[in-house]
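Here are the chains, one letter per residue:
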Amino acid sequence: MTPHQKRLLLPIAVLAFGFLALVGTAIFIVSGGGERGHVATVGGPFTLVDQSGARVTEASYAGKPSLVFFGFTHCPDVCPTTLFEISEVLKRLPEGAKVSALFVTVDPERDTPTSMKDYLSSFDPRISGLSGTREEIDAVLKAYRVYSKKVPTQNGDYTMDHTAIVYLMDKQGRFVNALNLQQPPEAAAREVQRLL
Ligand code: NI
């Protein structure tokens, strides 16, 4: 080996090592970096309070497909419209169909069980209005990957920006898809009925 070849060996070794480290990192990232199975999960356990003041968990609604929607009672447009549409879907399900519909507040400071009860009296009585402590709500928002943000208004009050997806969950509590409410309520009801 000439001195020239020897001088080349070290940089080659460094390059080869660097390349292997990069490949290893890429494989680690692609495989989920040890967080496998965590990636596509939507939903999960929760502890909240319904509009009658009763403590509820995911087990309270087990064995039934469910529609889960996040919003707040002071919402000027999206929430009342969506709750009206959900009510229309529920009305079109077969008599006695075991389906849960959950309206979870993103604004627990204002949405107490009492205000949830008053607000929901305008909609289908099968809709459960779920509230809780800030921590309990934050946990369920995280589980469902819901975005929500307090936005101050001019009068010193505030409104909430929030994800307005209606999560369709199966009997096992697994996320199926976002329920499309742009379609006629009969068609949306059929989507829910398939999970019964
Ligand atoms: Ni809203």
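What comes next is a walk through the structure. (Residues numbered from 1 in each chain as written. Predicted model: local features only at pLDDT ≥ 70, side-chain atom pairs only at ≥ 80, totals over all residues. Heavy atoms only, no water.)

1. Focus on the coordination of the nickel ion
Only C75 (SG), C79 (SG) and H162 (NE2) from the protein reach the nickel ion as donors, at distances of 2.1 to 2.2 Å. Of note, the nickel ion draws all its donor residues from one chain, in the sequence arrangement C-x3-C-x82-H. Here C75 is found in the loop between β3 (66–71) and α2 (78–91), whereas its partner H162 is found in strand β7 (residues 158–162), with 87 residues between them in sequence. Comparing C75 with H162 shows no difference in burial state: the two are buried. (Donors = N, O, S within 2.8 Å, 3.2 Å for Na, K, Ca; no water. Helix = DSSP H or I, 4+ residues; strand = E, 2+ residues; numbered from the N terminus. Buried < 20%, exposed > 50% of the residue type's maximum accessible area, 1.4 Å probe, protein only.)

2. A word on the environment of E186
Mapped onto the secondary structure, E186 falls in helix α5 (residues 185–193). Counting along the chain gives 95 residues from E186 to K91, while the straight-line C-alpha distance between them is 9.3 Å.

3. Points about the packing of aromatic side chains
Two descriptors summarise a pair of aromatic rings, namely the distance from one centre to the other and the angle between the planes of the rings. Taken as a whole, this structure holds eight aromatic pairs when the rule is applied. Geometrically, the ring pair formed by F70 and Y167 is edge-to-face, given 5.9 Å between the ring centres and 85° between the ring planes. Note that F70 is positioned in strand β3 and Y167 in strand β8 (residues 166–169), a separation of 97 residues in sequence. Y167 matches F70 in its accessibility class, with the two residues each being buried. Connected via pairs of aromatic rings, a cluster forms that spans F69, F103, Y119 and F123. In this structure, R110 packs its charged tip against the face of Y158, placed 3.7 Å from the ring centre. (Phe/Tyr/Trp six-rings, centres within 6.5 Å; stacked < 30°, edge-to-face > 60°. Lys NZ or Arg CZ within 6 Å of the ring centre and 35° of its normal.)

4. Things to note about the side chain of T82
With respect to the element layout, T82 can be found in helix α2. Taking the relative accessible area as the measure of exposure, T82 reaches 7% and is therefore buried. Sequence-distant contacts of T82, defined by excluding residues within four places in its chain, comprise F69, V166 and L181. (Contact = heavy atoms within 4.5 Å.)

5. Observations concerning the nonpolar core
Side chains that are nonpolar tend, in soluble globular proteins, to be buried together. Counting residues in each nonpolar core, the largest one holds 48 residues, and the members touching the most others are F70, I86, F103, V104, I127 and Y144. No other element matches the five residues that α2 contributes to this core. Ignoring sequence-local partners within four residues, the contact set of V104 consists of L48, V68, F69, F70, G71, L130, I137 and V140. (Core = buried A, V, L, I, M, F, W, Y, C linked by side-chain atoms within 4.5 Å.)

6. Here's the deal with α2
Taking 1.5 Å of rise per residue, the 14 residues of α2 would be expected to cover 20 Å, and the 20 Å separating its terminal C-alpha atoms lies within 8% of that figure. Within α2, the full set of buried residues consists of C79, T82, L83, I86, S87, E88, V89 and L90. (Expected span 1.5 Å × (residues − 1).)

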